[in-house]
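Summary of the model geometry
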Amino acid sequence: MGIKRYNSIAVAIHWLMAILLICMFILGIYMVDLPKGSDERSWFFALHKSMGLTLALLALIRLLWKFISVSPPLPDDVTSIQKKAAISTHNLLYIMMFVQPISGYISSSFAGYKTKFWGIPLPHWGWKSPDLNQLFTTIHQISALFFGALILLHVAGAMYHLHKKQFHLFKRMWF
Ligand code: HEM
Ligand code: HEM
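Residues numbered from 1 in each chain as written. Chains lettered and ligands numbered in written order. Predicted model: local features only at pLDDT ≥ 70, side-chain atom pairs only at ≥ 80, totals over all residues. Heavy atoms only, no water.

Examining the packing of aromatic side chains
Filter applied, for reference: Here the aromatic set is Phe, Tyr and Trp, taking the six-membered ring for Trp, and pairing holds for ring centres within 6.5 Å; pairs whose planes are under 30 degrees apart are stacked, those over 60 apart are edge-to-face, and all others are tilted. Helix numbers and strand numbers start at the N terminus; a helix is a DSSP run of H or I with at least 4 residues, a strand a run of E with at least 2. Each residue gets one of three labels from its accessible area relative to the maximum for its type: buried under 20%, exposed over 50%, partly exposed in between, using a 1.4 Å probe on protein chains only.
Here the structure, examined in full by the defined rule, presents eleven aromatic pairs. Taken together, a centroid distance of 4.9 Å and an interplanar angle of 75° make the contact between Phe110 and Trp127 edge-to-face. Here Phe110, found in the loop between helix H3 (80-109) and strand S1 (116-117), pairs with Trp127, found in the loop between strand S2 (120-121) and helix H4 (130-163); they are 17 residues apart in sequence, far enough to count as distant. With relative accessibility at 6%, the residue Phe110 sits in the buried group. Counting every residue linked through ring pairs, the aromatic cluster contains Tyr105, Phe110, Trp125, Trp127 and Phe136.

Dropping the structure here:
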């Protein structure tokens, strides 16, 4: 009783994005080792790009929704240092929800062919540039490491509260 929860749209987008993001990390790591020039590699790359752009759209909807809806304040049994840690992690997660797909999209735009979104070719503003392609691929890889570490930190925080039997904190983001 009396738990202030995130609204159902925020909860639905949180868990949908969480599942899709975990799939994207596995997919990204798997596909880069596939043989160059193979149909399988192109298929997985196309899937990764379409899913990644879908995630960018979901992140945009999520951010807009965060501004127009009300996020519940953290309860009093969370110490002020924990509040600061949670809020900073959430803010960084929001930044990475954009940096990750945008760096991937820019690197693809300099690969020399059109990026497709679920089969639909997107406007091709880039050109073939191995140097720029490599630069943004490196940014995408470093950003994946940072984003992955942040997600692990965030999940560890949630697990810590479960371990401390502060189930009401978990319920804030549950259906
Ligand atoms: C899969 C394991 C995950 C668990 C167990 C989990 C758990 C939670 C919980 C319990 C909260 C509520 C915190 C509070 O009381 O205020 C929360 C919020 C949040 N989570 Fe997760 N989460 C997971 C994955 C992710 C992922 C992959 C992301 C990356 C985008 C993410 C981003 C956020 C953000 C930004 C918030 C703050 C609420 C908002 O503004 O949307 N979570 N999470
Ligand atoms: C939030 C969404 C995304 C996540 C979590 C993600 C994650 C990853 C990961 C983990 C890798 C493997 C890095 C490595 O080990 O080399 C990767 C590679 C790649 N991603 Fe993404 N990605 C996302 C979105 C995108 C988007 C939107 C595009 C393009 C439209 C894209 C294009 C690529 C490409 C081309 C590679 C291969 C880079 C290489 O050749 O090493 N990604 N991604």
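Quick notes on the site of ligand 1
Our working definition: For this purpose, a residue is taken to be near a molecule or strand whenever a single non-hydrogen atom of the residue falls within 4 Å of it. Two N or O atoms form a polar contact when they lie within 3.5 Å of each other; inside protein one atom must be a possible hydrogen donor and the other a possible acceptor, and for residues adjacent in sequence the pair counts only when both atoms belong to side chains.
Taken together, 20 residues form the shell around ligand 1, and within it Tyr6, His14, Lys66, His154 and Arg172 come nearest. A distance of 3.0 Å separates an oxygen atom of ligand 1 from a polar side-chain atom of Tyr6. Within the side chain of Arg172, a nitrogen or oxygen atom sits 2.5 Å from an oxygen atom of ligand 1. Listed by contribution, the elements that provide at least two residues to the shell around ligand 1 are helix H1 (8-31), helix H2 (39-68), H3, H4 and helix H5 (167-171).

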